[in-house]
Amino acid sequence: MLDNLSLLVEFPAVTLDVVLNGLLIGAIFALAAYGMALVWGVLNIVNVVQGELVVLGGYITFVAVQYGVHPLFGLPLSAGVMFCIGWLIYRGVIFRVVDRDIFISILATFGLSILIQQLANLVFGSDVRSVDAALGSIHFLDGMVTLANVKLLAFLLAIGAGAALWLFLRKARLGQAIRATAQNPRAARILGIDTDRVFAATYGLNAALCGAAGSLAVMAWTIHPYMGLPYTIRSFMVVVVAGVGNVGGVVAAGLGLGALENLAGFVLGVEFQIAFVFALMVLILVWRNIRAARKRSYLE
């Protein structure tokens, strides 16, 4: 660990390489976190199956590539298929836990995550899968900094998706209905909004964003059936830090988490990278609890 720390200090180019690659990977976290923020804000559900939806999106792109589809075309395909899967999941399970205690939604989505894990393991096996997008890399500072173009694509897509989501929620009729339902579902129903349709569309949109994130993950990184939980934890952390309705904050928090995680993996070792994510989540929850306690004492 000390050797790696000294390497970061002595060679700033290495530090730049680690941080930049972490920021670009963080864009994938931000994409998945957009969806969790939507589901949490509109349906009032903590979606524990979020990470498994990301993994499913990756597998859809993986299968499409096996049939001769270019990985980049697999991305919109994955998003579209995942929208349909998200709609079906809502109609089959999620609609039963809307307006219920949040603990019930956690149990229901946790059960879904286990089911999807086992199905993915049964169909695809437990091997690590990846897809070569053949987009190449760029190098600078005499080759000491290397950035994969697929990671740059993930970054641009995350920024573009955030802007598109912001415009959709403010300009489109469905987006306005989603905002109204998030503010007050009962009042939205009284005004004639079909809140059940809004909930289904919101969960489908969440799944589509996860599908895009998974497609990028399988191109930039790897996937396997049991890697969903870390993506769920990352999405949860990003939303907790940024806030449910803060699209720009989700981007910033996702990029920051990616950079911190990559630095931790370089310094502590890859085997401790996920442990760092879980430890960071505990720290964030403690911090939020302290802030909430201070706010309560101030109001009293």
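Parameters at a glance
Residues numbered from 1 in each chain as written. Predicted model: local features only at pLDDT ≥ 70, side-chain atom pairs only at ≥ 80, totals over all residues. Heavy atoms only, no water. Axes fitted to C-alpha atoms, helices over the stretch in contact; angles between N-to-C directions. Helix = DSSP H or I, 4+ residues; strand = E, 2+ residues; numbered from the N terminus. Parallel < 35°, antiparallel > 145°, perpendicular 65-115°, else oblique. Left-handed = near helix turned anticlockwise from the far one by under 90°. Contact = heavy atoms within 4.5 Å. Nonpolar A, V, L, I, M, F, W, Y, C, P; charged D, E, K, R; others polar. Phe/Tyr/Trp six-rings, centres within 6.5 Å; stacked < 30°, edge-to-face > 60°. Lys NZ or Arg CZ within 6 Å of the ring centre and 35° of its normal. Expected span 1.5 Å × (residues − 1). Buried < 20%, exposed > 50% of the residue type's maximum accessible area, 1.4 Å probe, protein only. Core = buried A, V, L, I, M, F, W, Y, C linked by side-chain atoms within 4.5 Å.

> Explain the packing of helix H2 (residues 12-43) against helix H6 (residues 149-171) to me, using residue names and the numbers behind them.
Orientation of H2 relative to H6, taken along the N-to-C sense of each, is 30°, at an axis distance of 8 Å. For the element pair H2 / H6, the angle class is roughly parallel. Pair H2 / H6 crosses with left-handed handedness. Between H2 and H6, the contacting residues are Asn21, Leu24, Ile25, Ala27, Ile28, Leu31, Tyr34 and Leu38 on the first element and Lys151, Leu152, Ala154, Phe155, Leu157, Ala158, Ala161, Gly162, Leu165 and Leu169 on the second. For the contact of H2 with H6, the residue count by class is 15 nonpolar, two polar and one charged.

> Mind laying out the packing of aromatic side chains, listing which residues take part and the relevant values?
Inspection of the entire model under this criterion finds six aromatic pairs. Between the aromatic rings of Phe29 and Tyr231, the centroid separation amounts to 6.1 Å while the plane-to-plane angle is 70°, which identifies the pairing as edge-to-face. Of the two residues, Phe29 sits in helix H2 while Tyr231 sits in helix H10 (residues 228-242), which places them 202 residues apart along the sequence. For the ring pair Phe83 and Trp87, a centre distance of 6.1 Å and an interplane angle of 45° mean the geometry is tilted. On the criterion of helical spacing, the pair formed by Phe83 and Trp87 is a turn pair, its members being four residues apart in helix H4 (residues 71-92). Aromatic rings pair up to connect Phe29, Trp221 and Tyr231 into one cluster. The ring of Tyr231 has Arg234 lying over it, and the distance from NZ or CZ to the ring centre is 5.0 Å.

> Any chance you could break down H4 for me, citing the residues and the numbers?
In a regular helix each residue adds 1.5 Å, so 22 residues correspond to 32 Å; H4 covers 30 Å between its end C-alpha atoms and thus fits that length. Among all positions in H4, only Pro71, Gly74, Leu75, Ser78, Ala79, Met82, Gly86, Ile89 and Tyr90 are buried. Those residues of H4 that are buried are in contact with H2, helix H3 (50-66), helix H5 (102-124), H6 and helix H9 (195-220).

> So, the nonpolar core: which residues are in play, and what are the values?
Nonpolar side chains in soluble globular proteins generally cluster together in the buried interior. Within the largest apolar cluster, 79 residues are counted, with the highest numbers of intra-cluster contacts made by Ile28, Leu31, Tyr34, Leu43, Ile94 and Tyr203. In terms of residue count, the dominant contributor to this core is H2 (15 residues). Look past the residues within four positions of Ile94 in its chain and what remains in contact with it is Leu43, Ile45, Ile89, Thr109, Leu112 and Tyr203.

The analysis is restricted to geometry; functional conclusions fall outside its scope.
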